[in-house]
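Listed below, chain by chain, are the residues.
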Amino acid sequence: MSGQLTLRAVSKTFAHRRVLDAVSLTVRAGEKLGVVGENGSGKSTLLRLIAGQEPPDDGEVTVVAEAGVGHLGQVLALPDDATVGDAIDAALLEIRLLEQRITAAEQSLGSASPTELAEYGELLTAFELRDGYSADARVEAAMSALGIGDLGRQRRLGTLSGGQRARLALAGVLSAEPELLLLDEPTNHLDHQALTWLEDRLRAHRGTLVVVTHDRLLLERVVTAIIEVDGDRRTISRYGNGYAGYLAEQRAARQRWEQAYAEWVGEIAHWTEWRGTTAYNVAPGRAIKDHNKCKYNGDGRRVQASISTRVRSASERLERLRAEPVPKPPDPLRLNAPLHAAVREGAVVELREASVAHRLHVDELVVEAGQRLLVTGPNGAGKSTLLDVLAGVLQPDRGTLTRHGVVGYLPQETVVRQPRRTVLAAFAAGRPGQEDHAEQLASLGLLREADFATPVGALSIGQRRRLALARLLVRESDVLLLDEPTNHLSLALVEELEAALADYPGAVVVVSHDRLLRQRWQGEELELGHGRGLVPAA
């Protein structure tokens, strides 16, 4: 297959907010590209522009894909009264149309002209290129691999769960075998077995792949290059050598930034000192030689002229430096360890004979100081309910909860109760003392100082998540309860959070579907199943 995908100076604005500003990109045929960035940065918009579902405000999008374009959005764009069969036919539309044209052409083959015969041959070639003869078999295999093989073709989409609809859409777009495959968060709602199948399927894809995902293992195992969408600057940046190359370049960019800032600060200090002192040391005080006062005064005037020139030059240099300042890099993410924790050893949280309706039953769970626990289990098993109980947010119907230390809790969903409160006020709320909250929040590097006066209700999901994380980080805690802590965070921030957790001396209880976090987990693992309590994971 050969094709072309190019963006030239493309801009896009929604609701008076520019998402992309004069971005350019070239994707080679057969390349596998991962798209990353914060929530709301414009990743999905970029895919819709490429798919032709959104027109650019400025610039040009060029897509040449003779074997078709397949686009998986985050939702299945069909009405609830449509059927599973309708969804499959919509995904295979180009193949279905080719099939209809071939059937119509076959009806008149006996009297066909040379031109019509040539057109018939081109149709067969295009159909074979898309492997149209086995398209329905591919759909059946994909649905089975994704855990929805039992869905009947006549079943209404309105009766499916959100996860079933997402997997159905994924099965359809993959089975269409498009030359250009555009996927938006395809790993959502997939279990481990389905994820493994998807990775194998994407690696085997013969055409070009552009995938938006936060799944670091998929990026590591499938993509060959990464595009980062920067929502703040409304730009895109390309990184080669896959996910590992992206992380390495991110670290190198940080080092270059720190070095540039240090050099800028050094130059400011140098020229400030030069203007104030060094420039005046042109000619130290000296006695008049041979009582030649006239010559002495002439030399003095030349010295003063030299001083003025040097001071003016230094001032101009300082003006240029300050006109183009290098901003200070935000301090890297740090988890504040408890300085005066009440608990140094023994249990920090004890839960015994606890149950919540039909959602949770735990005979006993004791979290020791410094312990690491990863809670796993299928969706609906009660993992978030367990953390709500341990945090004291939810009272169990029966059982006892005893906490011996300070608990820090990051729930899966960030609830905004006072949407008009500013970011800085929300960060400082309930915190004692007279600390400089703005300086402390800025030092975490999780939010821009320009956003400190923004109402919390106007923040994106990712920004709200980072605000909640910021409040957690500055509190001294003996145990951290983290429910899907990597959700809505950038890849670089996730890596920093994992490193900070590794150094954190307190106890940690984590619920996460993040495969790389679970793969790297250094601690105990407990499994929570439907209708039963926690057991050591196999």
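Up top you'll find the structure we're talking about.
## A short note on the overall build of the protein chain
Looking only at helices and strands, the protein chain has 16 helices and 18 strands in total. For the protein chain, the proportion of contacts with a sequence separation of at least 24, taken over those separated by at least 6, is 71%. Just so you have it, the protein chain exposes about 27,600 Å², and 50% of that area is on carbon and sulfur atoms.

## Observations regarding the packing of aromatic side chains
If you walk through the whole model with that rule in mind, you get five aromatic pairs. On the numbers, 6.2 Å between centres and 25° between planes, the contact of Tyr243 with Tyr246 is stacked. Highlighted residues: Tyr243 and Tyr246, both in helix α9 (residues 242-276), separated by three residues, approximately one helical turn. This pair shows no difference in class: Tyr243 is buried, exactly as Tyr246 is. Look at Trp271 and Trp274: their rings are 6.4 Å apart centre to centre, the planes differ by 75°, and that puts the pair in the edge-to-face class.

## Focus: the sheet that holds strand β9 (residues 235-240)
A sheet is described by the order of its strands in space; here six strands give the open sequence β5-β6-β7-β3-β8-β9, paired in mixed fashion. Pairing within the sheet leaves two strands with one partner each, and these edge strands are β5 (69-72) and β9. On average, each strand axis in the sheet is tilted by 15° relative to the strand beside it, whichever way the strands run. Relative to strand β8 (residues 225-230), strand β3 (residues 32-37) runs parallel, the two sharing five bridges. Each bridged residue has a counterpart across the sheet, and for Gly37 the counterpart in β8 is Val229.

## Some thoughts on the pairing of strand β16 (residues 507-511)
Burial analysis of β16 places five of its five residues in the buried class, which makes it a mostly covered element. Neither face of β16 is exposed, since Ala507, Val509 and Val511 on one face and Val508 and Val510 on the opposite face are all buried. When strand β12 (residues 372-376) meets β16, the two strands line up parallel, connected through four bridges. Across the sheet, the residue bridging to Arg372 is Val508, located in β16. Bridge count for strand β15 (residues 479-483) against β16 is five bridges, and the pairing is parallel. Counterpart to Leu480 in the pairing with β16 is Val508.

## Some points on helix α6 (residues 162-175)
For α6, with 14 residues, the first-to-last C-alpha span of 20 Å sits near the 20 Å given by 1.5 Å per residue. In terms of burial, α6 is largely enclosed, as twelve of its 14 residues are buried. Among the residues of α6, Gly163, Gln164, Arg165, Arg167, Leu168, Ala169, Leu170, Ala171, Gly172, Val173, Leu174 and Ser175 are the ones counted as buried. On its buried side, α6 packs onto β5, α2 (84-91), α5 (135-145), β6 (180-184) and α7 (192-203). One or two steps after α6, the chain reaches Glu177, where phi turns positive at roughly 50°.

## Quick look at the nonpolar core
If you look at the biggest cluster of nonpolar residues, it comprises 49 residues, and the most contacted ones within it are Val84, Met143, Leu168, Leu170, Leu183, Leu202 and Tyr246. Per-element accounting of this core gives the leading share, six residues, to α6. Once residues lying within four places of it in the same chain are set aside, the contact partners of Met143 are Val84, Ile88, Ile148, Gly149, Leu151, Leu168 and Ala171.

## With respect to the sheet that holds strand β13 (residues 398-403)
If you walk across this open sheet you meet the three strands as β11-β10-β13, and the pairing is antiparallel. One side of each edge strand has no neighbouring strand; the edge strands of this open sheet are β11 (360-368) and β13. Averaged over neighbouring strand pairs, the angle between their axes works out to 10° when direction is ignored. Two strands pair when backbone bridges link them, and strand β10 (residues 347-356) and β13 are joined in this way by five bridges, in the antiparallel orientation. Bridge assignment links Glu350 to a residue of β13, and that residue is Thr402.

## A short note on the pairing of β6
The buried fraction of β6 is high, at five of five residues. Residues of β6 alternate between two faces, with Leu180, Leu182 and Asp184 on one and Leu181 and Leu183 on the opposite face, all of them buried. Here β6 pairs with strand β7 (residues 208-212) via five bridges, running parallel. Within β7, the residue paired with Leu182 across the bridge is Val210.

Cut-off values and rules
Residues numbered from 1 in each chain as written. Predicted model: local features only at pLDDT ≥ 70, side-chain atom pairs only at ≥ 80, totals over all residues. Heavy atoms only, no water. Helix = DSSP H or I, 4+ residues; strand = E, 2+ residues; numbered from the N terminus. Contact = heavy atoms within 4.5 Å. Areas by Shrake-Rupley, 256 points an atom, 1.4 Å probe, with all protein chains shown as cover. Phe/Tyr/Trp six-rings, centres within 6.5 Å; stacked < 30°, edge-to-face > 60°. Buried < 20%, exposed > 50% of the residue type's maximum accessible area, 1.4 Å probe, protein only. Pairing = 2+ DSSP bridges. Axes fitted to C-alpha atoms, helices over the stretch in contact; angles between N-to-C directions. Expected span 1.5 Å × (residues − 1). Core = buried A, V, L, I, M, F, W, Y, C linked by side-chain atoms within 4.5 Å.

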